[in-house]
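Reading the structure
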Amino acid sequence: MPELPEVETVARGLRLALPGRRILAVRLDKTDFIDDPAAMELRLPGTTVSRIRRLGKNLVVDLVATGADDGATNTLSLLIHLGMTGQIVIISPDAPVPKHTHVFLSLDDGRELRYTDVRRFGRMAILSNGEQERELAGLGLEPLEISAEEFRARIGSRKAQIKALLLDQSVMRGIGNIYADESLWRAKIHPKKMGSKLTSEELKRLHRAVQGILREAIQLRGSSVSDYVDADGQKGNFQLRHRVYQRDGKKCSRCGSVIRRAIVAGRSSHFCPQCQPAPKARAKAEKMRRR
Ligand SMILES: [Zn+2]
């Protein structure tokens, strides 16, 4: 599933191609992932892209519409969530159309924006300004912008497993399974440890690890673990730097122990049992000894 670095990489590609472009026409195939397909067909043609934003894992294409009668302008946005397998490319309309391509936007430079999504867990919606505020109000802080103090306040007070807190989009927006596991490994924290049990040193380490890993991953244009490609159709390279994610059974590059996998917070979690000691290991070991 594309997470913050992959969505940011797509956003950067779109920022090079889309601002100033007018959308001439909209063609839709399957529409079950679109909130209101008729609104897309009706409201997008004739609008001009003003900017591209990324909010967590959401892409927001801001658009300006000029009224045909009175010349008045109003703004609207196209929200895109790539779900599990969503891909956006900007390409010549003559290029072969891959299977599962469901949205085609014709642009005034002769190219076409195409949205392909094999599993269709993505989402598209046209939002007016008011709708945007409601839609995005529940999102947490941007992990690349959160300060060490805010991080401590949001994580250190919570009686929930740290893995669940990192994945919780109302705490921070944009972190998914890959970057949660990689950050916890770098910070040497077990995924099951409670947020409220983290020491201030651990909170500092984790804050640094989250931001460092996200920045490095953006630099390498994201991780291509399933279908992810950027707006030019290129794969990312950060998967080559993964230290624990989907590396169960392999050796930890820091200590040589075998990486394990366990379900934490309902998700497959990868960690090094040596570098990231389980929170209750000591209590359990003592119980065993007393028996
Ligand atoms: Zn290790």
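These numbers were taken from a predicted model, which means no experiment stands behind them.

**With respect to the coordination of the zinc ion**
- Protein coordination of the zinc ion is provided by Cys252 (SG), Cys255 (SG), Cys272 (SG) and Cys275 (SG), with donor distances spanning 2.2 to 2.3 Å.
- For the zinc ion, the four donor atoms in the first shell make angles of 98 to 113 degrees at the metal, a pattern classed as tetrahedral.
- In terms of primary sequence, the donors binding the zinc ion are separated according to C-x2-C-x16-C-x2-C. Of the two residues, Cys255 is situated in the loop between α7 (200-219) and β9 (260-264) and Cys272 in the loop between β10 (267-271) and α8 (281-290); the sequence distance between them amounts to 17 residues.
- Judged by relative accessible area, Cys255 falls into the partly exposed class, the value being 35%.

**A look at the sheet that holds strand β5 (residues 86-91)**
- Spatial strand order, β1-β6-β7-β5: four strands in an open sheet with antiparallel pairing. Each edge of the open sheet carries a strand with a single partner, namely β1 (23-28) and β5. Averaged over neighbouring strand pairs, the angle between their axes works out to 15 degrees when direction is ignored.

**A closer look at a nonpolar patch on the surface**
- Residues Met1, Met84 and Phe121 make up a contiguous nonpolar surface patch of roughly 270 Å² in combined accessible area.
- Considering the arrangement of structural elements, one finds Met1 in the segment before α1 (4-17).

**Some points on the pairing of strand β7 (residues 112-117)**
- With six of six residues buried, β7 lies mostly within the body of the structure.
- Of the two faces of β7, the one carrying Glu112, Arg114 and Thr116 and the one carrying Leu113, Tyr115 and Asp117 are both buried.
- As judged from the six bridges shared by β5 and β7, these two strands associate in the antiparallel manner. Of the residues in β7, the one forming a bridge with Gly86 is Asp117.

**A closer look at the side chain of Arg54**
- Here Arg54 is to be found in strand β2 (residues 48-55).
- Its relative accessible area of 11% is what places Arg54 among the buried residues.
- A polar contact of 3.0 Å, which involves the side chain of Arg54, links it to the backbone oxygen of Gly56.
- Beyond its immediate stretch of four places on either side in the chain, Arg54 contacts Leu4, Val7, Glu8, Ala11, Arg15 and Glu142.

**Structural notes on the domain arrangement of the protein**
- Taken domain by domain, the protein comprises domain 1 (4-136) and domain 2 (148-284).
- Once you take the C-alpha centre of each, domain 1 and domain 2 turn out to be 31 Å apart.
- Contact residues are listed per partner, giving 19 residues for domain 1 and 19 residues for domain 2.
- Overall, the association of domain 1 and domain 2 removes approximately 1600 Å² of surface from exposure, summing both partners, and the carbon and sulfur fraction of that is 64%.
- It is Pro5, Glu6 and Thr9 that lose the most area in domain 1 upon contact with domain 2, and together they represent 34% of the buried surface on that side.
- Our enumeration of links across domain 1 and domain 2 arrives at zero salt bridges.
- Linking domain 1 to domain 2 there are three residue pairs in polar contact (both at pLDDT 80 or more).
- The set of elements that each furnish at least two residues to the side of domain 1 that touches domain 2 consists of α1 and β5.
- Considered class by class, the residues forming the side of domain 1 that touches domain 2 number 10 nonpolar, five polar and four charged.

What counts, and where the lines are drawn
Residues numbered from 1 in each chain as written. Predicted model: local features only at pLDDT ≥ 70, side-chain atom pairs only at ≥ 80, totals over all residues. Heavy atoms only, no water. Donors = N, O, S within 2.8 Å, 3.2 Å for Na, K, Ca; no water. Tetrahedral: all angles 85-135°; square planar, octahedral: opposite > 155°, others 65-115°. Helix = DSSP H or I, 4+ residues; strand = E, 2+ residues; numbered from the N terminus. Buried < 20%, exposed > 50% of the residue type's maximum accessible area, 1.4 Å probe, protein only. Pairing = 2+ DSSP bridges. Axes fitted to C-alpha atoms, helices over the stretch in contact; angles between N-to-C directions. Patch = residues over 30% accessible without salt bridge, like charges linked within 9 Å, V, L, I, M, F, W, Y side chains within 5 Å. Areas by Shrake-Rupley, 256 points an atom, 1.4 Å probe, with all protein chains shown as cover. Salt bridge = Lys/Arg side-chain N within 4 Å of Asp/Glu carboxyl O. Polar contact = N/O pair within 3.5 Å; in protein donor to acceptor, adjacent residues only side chain to side chain. Contact = heavy atoms within 4.5 Å. Domains from an automatic or database assignment. Buried area = accessible area lost by both parts, 1.4 Å probe. Nonpolar A, V, L, I, M, F, W, Y, C, P; charged D, E, K, R; others polar.

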